[in-house]
Amino acid sequence: AGTLDPMATGLLIILVGKATKASQYLMSQEKEYLGEATLGVVTDSQDADGEITETHSVPPLSETQIKEALKSMLGDQYQTPPMHSAKKIGGKKLYELARKGIEIEREPRFIRINLLELQSWVSPKFSFKVQCTKGTYIRTLAFDLGKKLGPGAHLSMLRRTHSGNLGIEQGKTLEQLSAMNPQQLRD
């Protein structure tokens, strides 16, 4: 029920058999993530997997300034999907075009950030918790926060902790799933 970026960890809902019919419902639910942004380093993919395109010194920023920037991102807004994403346009995944050095126009899409809380701030990194609608790119959120704060930023860590009312504490690791017999898996 959806995807996680290659560098992301956390909850990924996997549906099998008749449960696949619930995919659209589960994918449309709100998500919660823990993320970390690194200020002063901008990458072409907006995350730590990308090539560095800019570096800037990080000015002395207060926790209050970080919190104000986070607060300014709350609510309804439009977000342009990054080129390094699995979103398809014309049957091609954007990341496939990006790897060839091709950048195309992307339509901004409606998203909502319901919660955006600072978890820690030790320059040049700050961590945050975000609750958002389906289709929100957290690395684009980190990139936009970097612009608001001045020196630019990229997403340096991402962990999905909730998808709808399902939390990571209810999840199983791949190792745990591999050790289960068919009846345990059905249960």
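Everything below is about the structure shown above.
Residues numbered from 1 in each chain as written. Predicted model: local features only at pLDDT ≥ 70, side-chain atom pairs only at ≥ 80, totals over all residues. Heavy atoms only, no water.

> Mind laying out the packing of aromatic side chains, listing which residues take part and the relevant values?
The relation between two aromatic rings is expressed through the spacing of the ring centres and the mutual angle of the planes. For the structure on display, the rule yields two aromatic pairs. Between Tyr78 and Phe110 the ring centres are 5.9 Å apart and the planes differ by 70°, which places this aromatic pair in the edge-to-face class. Placement of the pair is Tyr78 in strand E5 (residues 75-79) and Phe110 in strand E8 (residues 109-122), with a sequence separation of 32 residues. A residue is classified by how much of its surface remains accessible, and Tyr78, at 61% relative accessible area, is exposed. Measuring from ring centre to ring centre gives 6.0 Å for Phe126 and Phe128, while their planes differ by 45°; the resulting arrangement is tilted. The class for Phe126 is buried, based on a relative accessible area of 1%. (Phe/Tyr/Trp six-rings, centres within 6.5 Å; stacked < 30°, edge-to-face > 60°. Helix = DSSP H or I, 4+ residues; strand = E, 2+ residues; numbered from the N terminus. Buried < 20%, exposed > 50% of the residue type's maximum accessible area, 1.4 Å probe, protein only.)

> So what's going on with the nonpolar core? Which residues, and what values?
Within the largest apolar cluster, 27 residues are counted, with the highest numbers of intra-cluster contacts made by Leu39, Ile66, Leu116, Phe126, Phe128, Val130 and Ile138. Of all elements in the fold, only strand E2 (31-39), helix H2 (63-72), E8, strand E9 (125-132), helix H4 (138-149) and strand E10 (153-163) reach the threshold of two or more residues within this core. In this structure Phe128 touches Tyr33, Leu34, Gly35, Glu36, Ala37, Leu116, Glu117, Leu118, Gln119, Ile138 and Leu155, once residues within four positions along its chain are discounted. (Core = buried A, V, L, I, M, F, W, Y, C linked by side-chain atoms within 4.5 Å. Contact = heavy atoms within 4.5 Å.)

> Lay out the pairing of E2 in plain terms, naming residues and giving numbers.
Counting buried positions along E2 yields seven of nine residues, so the element is predominantly enclosed. Bridging between E2 and E9 involves eight bridges; their strand directions are antiparallel. Note that in E9 the partner of Tyr33 across the bridge is Val130. In this structure, E2 lies alongside E10, joined through nine bridges in antiparallel fashion. In the strand pairing of E10, Thr38 is matched with His154. (Pairing = 2+ DSSP bridges.)

> How would you explain the pattern of salt bridges if you had to name every residue and give the values?
Enumeration over the complete set of coordinates arrives at five salt bridges. Arg139 is the partner of Asp5 in a salt bridge, and the nearest nitrogen-oxygen pair spans 2.8 Å. Taken together, the residues span a long stretch of sequence, with Asp5 in the segment before strand E1 (9-10) and Arg139 in helix H4 at a distance of 134 residues. The exposure class of Arg139 is buried, given its relative accessible area of 3%. Between Glu36 and Lys125 there is a salt bridge, and its shortest N-O distance comes to 3.7 Å. One end of the pair, Glu36, is in strand E2; the other, Lys125, is in strand E9, with 89 residues separating them in the sequence. On the basis of relative accessible area, Lys125 is assigned to the partly exposed category, the value being 36%. (Salt bridge = Lys/Arg side-chain N within 4 Å of Asp/Glu carboxyl O.)

> Please provide a residue-by-residue account of a nonpolar patch on the surface, values included.
On the surface, Leu12, Ile14 and Val16 cluster together to form a nonpolar patch covering roughly 300 Å² of accessible area. In this structure, Ile14 sits in the loop between E1 and helix H1 (23-27). (Patch = residues over 30% accessible without salt bridge, like charges linked within 9 Å, V, L, I, M, F, W, Y side chains within 5 Å. Areas by Shrake-Rupley, 256 points an atom, 1.4 Å probe, with all protein chains shown as cover.)

> Explain H4 to me, and be specific about the residues and the numbers.
The end-to-end C-alpha separation of H4 is 16 Å, in line with the 16 Å expected for 12 residues at 1.5 Å each. Residues of H4 that are buried include every one of Ile138, Arg139, Thr140, Leu141, Ala142, Leu145, Gly146 and Leu149, and no others. Tucked into the core, H4 has its buried residues touching E2, H2, E5, E8, E9 and E10. Trailing H4 by a residue or two, Gly150 shows a phi angle of about 115°, which is positive. (Expected span 1.5 Å × (residues − 1).)

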